[in-house]
Amino acid sequence: MKAIHQMIEEHVRRWEISRKEEKETKPLPVITLSREPGSGGKLVARAVADRLGLDLFDQQVINAMADNADTTTRVIQTLDERGVSMIEDWVSAAISDRHLWPDEVSRVLMRVISAIGRHGRAIIVGRGANFILPPEARFRTRIIAPLENRVSRVAETYGVSKEDARRRVLRTESDRRAFVRKYFHSDISDPVNYDMILNTATLSVESAAAAICAALS
């Protein structure tokens with residue numbers, strides 16, 4: 001957690017400096033990356049971030065930003081008045097378009113993700129970011145693979161049995177599906193929710209990353 005908080009502090013300080021210097025950076029690309037558990041999606045995200053020089057925000061970082069009220073406030077305060085107004089518009093549009101009734105937790109999550117989206121040049125892994133950011137502010141990707149491939153990858157990565165790996169994959173898959181259904185009234189696996197879907201059973205991590213980068217060029 002210490003490393004995560006240090007990472008957040010670095011992001012916030014850089015955003016604060018950028019605001020003070022009144023630098024207007026191009027808000028794109030913001031890549032949202034959804035992934036099936038065991039598909040290697042986070043490895044693809046890291047490869048894309050390295051290739052394009054993007055900030056990588058995963059579930060742990062975003063949750064840490066949203067779970068601490070002081071940190072959330074600092075993140076929002078790195079935006080100018082126009083930026084704050086814009087993210088509030090994005091959140092309102094997401095709520096209206098999807099007929100949501102967000103609780104305070106989900107509303108804070110949406111504001112944090114919108115703030116990251118406003119700053120731009122980032123890749124956001126999970127947390128329903130593809131349902132929050134508007135079309136002009138994101139490129140939606142999803143990484144998939146057949147179940148057996150994903151089970152084998154998890155078993156090898158964590159040094160567990162195939163049976164244990166299968167349980168982990170299916171439990172995580174169920175949790176992510178439930179999260180998207182609860183907070184965004186949508187099906188995480190519906191292809192209409194993505195601009196690009198890549199299968200790591202037939203593509204290497206580097207090939208998948210290259211395909212995403214090529215789509216943005």
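It should be noted that the structure appears before, not after, this text.
Definitions and limits used
Residues numbered from 1 in each chain as written. Predicted model: local features only at pLDDT ≥ 70, side-chain atom pairs only at ≥ 80, totals over all residues. Heavy atoms only, no water. Helix = DSSP H or I, 4+ residues; strand = E, 2+ residues; numbered from the N terminus. Contact = heavy atoms within 4.5 Å. Areas by Shrake-Rupley, 256 points an atom, 1.4 Å probe, with all protein chains shown as cover. Lys, Arg positive; Asp, Glu negative; His and termini not counted. Charge placed at Lys NZ, Arg CZ, Asp CG, Glu CD. Buried < 20%, exposed > 50% of the residue type's maximum accessible area, 1.4 Å probe, protein only. Pairing = 2+ DSSP bridges. Phe/Tyr/Trp six-rings, centres within 6.5 Å; stacked < 30°, edge-to-face > 60°. Lys NZ or Arg CZ within 6 Å of the ring centre and 35° of its normal. Axes fitted to C-alpha atoms, helices over the stretch in contact; angles between N-to-C directions. Parallel < 35°, antiparallel > 145°, perpendicular 65-115°, else oblique. Left-handed = near helix turned anticlockwise from the far one by under 90°. Nonpolar A, V, L, I, M, F, W, Y, C, P; charged D, E, K, R; others polar.

1. Notes on the overall build of the protein chain
Across its full length, the protein chain holds 10 helices and 5 strands. Here the C-alpha coordinates of the protein chain stretch approximately 50 × 35 × 35 Å along the principal axes. Taking the contacts inside the protein chain whose residues are at least 6 apart along the sequence as the reference set, 75% of them involve residues at least 24 apart. Carbon and sulfur atoms form 50% of the exposed surface of the protein chain, whose accessible area is close to 11300 Å². When the 33 basic and 30 acidic side-chain charges of the protein chain are each reduced to a single mean position, those positions are 3 Å apart.

2. Quick look at the pairing of strand E4 (residues 139-144)
E4 sits mainly inside the fold: 5 of its 6 residues count as buried. The pairing of strand E1 (residues 30-35) with E4 spans 5 bridges and is parallel. By the bridge assignment for E4, Leu33 is matched with Thr141. With 4 bridges connecting them, E4 and strand E5 (residues 196-199) associate as parallel partners. Across the sheet, residue Arg142 finds its bridge partner in E5, namely Ile197.

3. Quick word on the packing of aromatic side chains
For the coordinates displayed, the defined rule picks out 4 aromatic pairs. Site record: aromatic cluster; members linked through ring pairs are Phe131, Phe179, Tyr183 and Phe184. When the ring centre of Phe179 is taken as reference, the NZ or CZ atom of Arg127 above it lies at 4.1 Å. Just above the ring of Tyr158 sits the side chain of Arg168; from NZ or CZ to the centre is 5.3 Å.

4. Some remarks on the sheet that holds strand E2 (residues 55-57)
Pairing is parallel across the open sheet formed by 5 strands, whose spatial order is E2-E3-E1-E4-E5. Two strands bound the open sheet, and with one partner strand each, they are E2 and E5. Sheet twist, expressed as the mean angle between neighbouring strand axes with direction ignored, is 20 degrees. As paired elements, E2 and strand E3 (residues 122-125) share 3 bridges and run parallel to each other. When the bridges of E3 are listed, Asp55 appears paired with Ala122.

5. Examining the packing of helix H8 (residues 147-158) against helix H9 (residues 162-184)
Helix packing geometry: the angle between the two helix axes and the distance between the axes. Relative orientation of the contacting elements H8 and H9 amounts to 115 degrees, with a least axis distance of 8 Å. On the basis of the axis angle, H8 is roughly perpendicular to H9. The handedness of the crossing between H8 and H9 is right-handed. For the pair formed by H8 and H9, the contact residues are Leu147, Glu148, Arg150, Val151, Ser152, Val154, Ala155 and Tyr158 on the first element and Lys162, Ala165, Arg166, Arg168, Val169, Leu170 and Glu173 on the second. The class makeup of the residues in the contact of H8 with H9 is 8 nonpolar, 1 polar and 6 charged.

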